[in-house]
Amino acid sequence: MRLLQAEELFRKVLDGGSKAKAARLLGLDVGSKYVGLAVSDEKNRIALPLSVLSRTKTNINLMADDFKTLASKYSLAGFVVGYPFNLHGQHSPDAVQVRLLAGELYKTGKLDDLCYTYWDENFTSKCVEALLHPLNLKNRDEAKTMTDKFAAVCILQL
């Protein structure tokens with residue numbers, strides 16, 4: 001896994017889109033317990049909610065395997081990882097979780113052929129929670145899963 005500036009990754013996607021198979025992006029909303037996933041469509045115009053992965057200290061290899069499978073299945077060019085900046089554009093304390101996950105995935109060596117970039121995720125979860133509130137989801141786990149997936153969608157749509 002190689003960290004790129006956002007412009008570099010987006011250029012790679014545009015260049016990959018001229019080939020027979022389109023290059024897509026995977027959006028990640030990283031939390032301390034879960035990682036919400038969304039994938040772009042083949043033209044990289046619309047993001048679609050995909051799933052939520054449970055995040056523990058012991059399952060990083062399984063997560064890397066899941067990402068490798070998704071990369072193959074969706075012809076991914078890379079990941080857009082939501083990164084929590086504060087309102088002044090500086091790293092927020094929550095950013096540690098994001099950098100930690102990226103570092104752990106890098107150490108597995110399973111995603112060496114993929115790139116990633118960070119993208120400001122300010123207020124994505126709060127916006128999704130406001131949108132989901134009228135649904136009055138009673139099941140807390142279902143509400144959290146929906147929030148994480150759609151926050152990943154917001155990260156890709158920005």
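Thresholds, definitions, all that
Residues numbered from 1 in each chain as written. Predicted model: local features only at pLDDT ≥ 70, side-chain atom pairs only at ≥ 80, totals over all residues. Heavy atoms only, no water. Core = buried A, V, L, I, M, F, W, Y, C linked by side-chain atoms within 4.5 Å. Buried < 20%, exposed > 50% of the residue type's maximum accessible area, 1.4 Å probe, protein only. Helix = DSSP H or I, 4+ residues; strand = E, 2+ residues; numbered from the N terminus. Contact = heavy atoms within 4.5 Å. Pairing = 2+ DSSP bridges. Axes fitted to C-alpha atoms, helices over the stretch in contact; angles between N-to-C directions.

The name an unreviewed UniProt entry assigns to the chain is YqgF/RNase H-like domain-containing protein, from the organism Urochloa decumbens.

Core analysis: the biggest nonpolar cluster contains 27 residues, and L26, L28, F67 and F79 have the highest contact counts within it. Counting only elements with at least two residues in this core, the list comes to strand 2 (24-30), strand 3 (34-40), helix 2 (60-74), strand 5 (76-83) and helix 3 (95-108). With 7 residues, the top contributor of residues to this core is helix 2. Apart from the residues lying within four places of it in its own chain, the contact partners of F67 are L26, L28, L37, L53, F79, L105 and L111. The next biggest cluster of nonpolar side chains, apart from the first, holds 14 residues, and it includes A38, A77, C115 and I155.

What follows deals with the sheet that holds strand 4 (residues 47-54). Strand order in the open sheet made by the 6 strands is 1-6-5-2-3-4, with mixed pairing throughout. Pairing within the sheet leaves two strands with one partner each, and these edge strands are strand 1 (2-3) and strand 4. Pairing of strand 2 with strand 3, which is carried by 5 bridges, proceeds in the antiparallel orientation. When the bridges of strand 3 are listed, G27 appears paired with A38. On top of the sheet, helix 5 (residues 140-157) reaches strand 2, strand 3, strand 4, strand 5 and strand 6 (115-120); it is set at about 45 degrees to strand 3, its chief contact.

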